[in-house]
Amino acid sequence: MVAADVQFGWALQLSLLTPYIQVLPCVRIWSDKCSSKYGRRRPFILAGSLMISVAVTIIGFSADIGYLLGDADEDHRNFKGT
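Residues numbered from 1 in each chain as written. Predicted model: local features only at pLDDT ≥ 70, side-chain atom pairs only at ≥ 80, totals over all residues. Heavy atoms only, no water.

Concerning the overall build of the protein chain
Next up, step 1: The helix and strand inventory of the protein chain stands at three helices and zero strands.
Next up, step 2: Ordering the α and β elements of the protein chain from the N terminus gives α-α-α.
Next up, step 3: Accessible area for the protein chain stands at about 7,300 Å²; split by element, carbon and sulfur atoms hold 64% of it. (Helix = DSSP H or I, 4+ residues; strand = E, 2+ residues; numbered from the N terminus. Areas by Shrake-Rupley, 256 points an atom, 1.4 Å probe, with all protein chains shown as cover.)

Written out as structure tokens, the structure is:
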């Protein structure tokens, strides 16, 4: 259980950090040129927060998704943290 928590923590950290490194400069340029009735930044903030929410949910259910996509029980290592 401990290994899964550590792995989830790293995945969460990387999923939250990656947009700032790779995508943020492009989003800044696009949002500066945006002329939405909701403002320049709000549509991008909403879209980004929704994408991160979906990514974190997928990470949380990754074992179940893998099982539904065909992972067999013999492919898993049984780790029992102490």
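Observations regarding the confidence of the model for the protein chain
Next up, step 1: For the protein chain, per-residue confidence averages 75 on the pLDDT scale, and residues scoring 70 or more make up 68% of the total.
Next up, step 2: Mean pLDDT values over the elements of the protein chain span from 72, in helix α1 (residues 2–33), up to 86, in helix α2 (residues 42–60). (pLDDT = per-residue confidence, 0-100.)

Quick word on the environment of I59
Next up, step 1: Note that I59 resides in helix α2.
Next up, step 2: Each C-alpha atom, one on I59 and one on Q7, is 10.0 Å from the other, the two residues being 52 residues apart in sequence.

Considering the pattern of salt bridges
Next up, step 1: This structure, assessed with the given rule, holds one salt bridge.
Next up, step 2: Salt-bridge contacts for D32 lead to R41; the nearest nitrogen and oxygen are separated by 3.2 Å.
Next up, step 3: With relative accessibility at 41%, the residue D32 sits in the partly exposed group.
Next up, step 4: According to the relative accessible area criterion, R41 is partly exposed, its value standing at 38%. (Salt bridge = Lys/Arg side-chain N within 4 Å of Asp/Glu carboxyl O. Buried < 20%, exposed > 50% of the residue type's maximum accessible area, 1.4 Å probe, protein only.)

Looking at the side chain of S31
Next up, step 1: Turning to its location among the elements, S31 is positioned in helix α1.
Next up, step 2: Engagement of the side chain of S31 in a polar contact is seen with the backbone oxygen of R28, the distance being 3.1 Å.
Next up, step 3: Leaving out residues up to four positions away in the same chain, S31 has contacts with R40, R41 and F44. (Polar contact = N/O pair within 3.5 Å; in protein donor to acceptor, adjacent residues only side chain to side chain. Contact = heavy atoms within 4.5 Å.)

Observations regarding a nonpolar patch on the surface
Next up, step 1: A cluster of nonpolar side chains, contributed by V54, I58, F61, I65 and L69, occupies part of the molecular surface with about 500 Å² of accessible area.
Next up, step 2: Tracing the backbone through its elements, the reader meets I65 in helix α3 (residues 62–68).
Next up, step 3: Accessibility expressed as a relative area gives 33% for I65, which makes it partly exposed. (Patch = residues over 30% accessible without salt bridge, like charges linked within 9 Å, V, L, I, M, F, W, Y side chains within 5 Å.)

Section: the environment of R42
Next up, step 1: Looking at where R42 falls in the secondary structure, it is placed in helix α2.
Next up, step 2: Placed eleven residues apart in sequence, R42 and S31 show a C-alpha to C-alpha distance of 8.9 Å.

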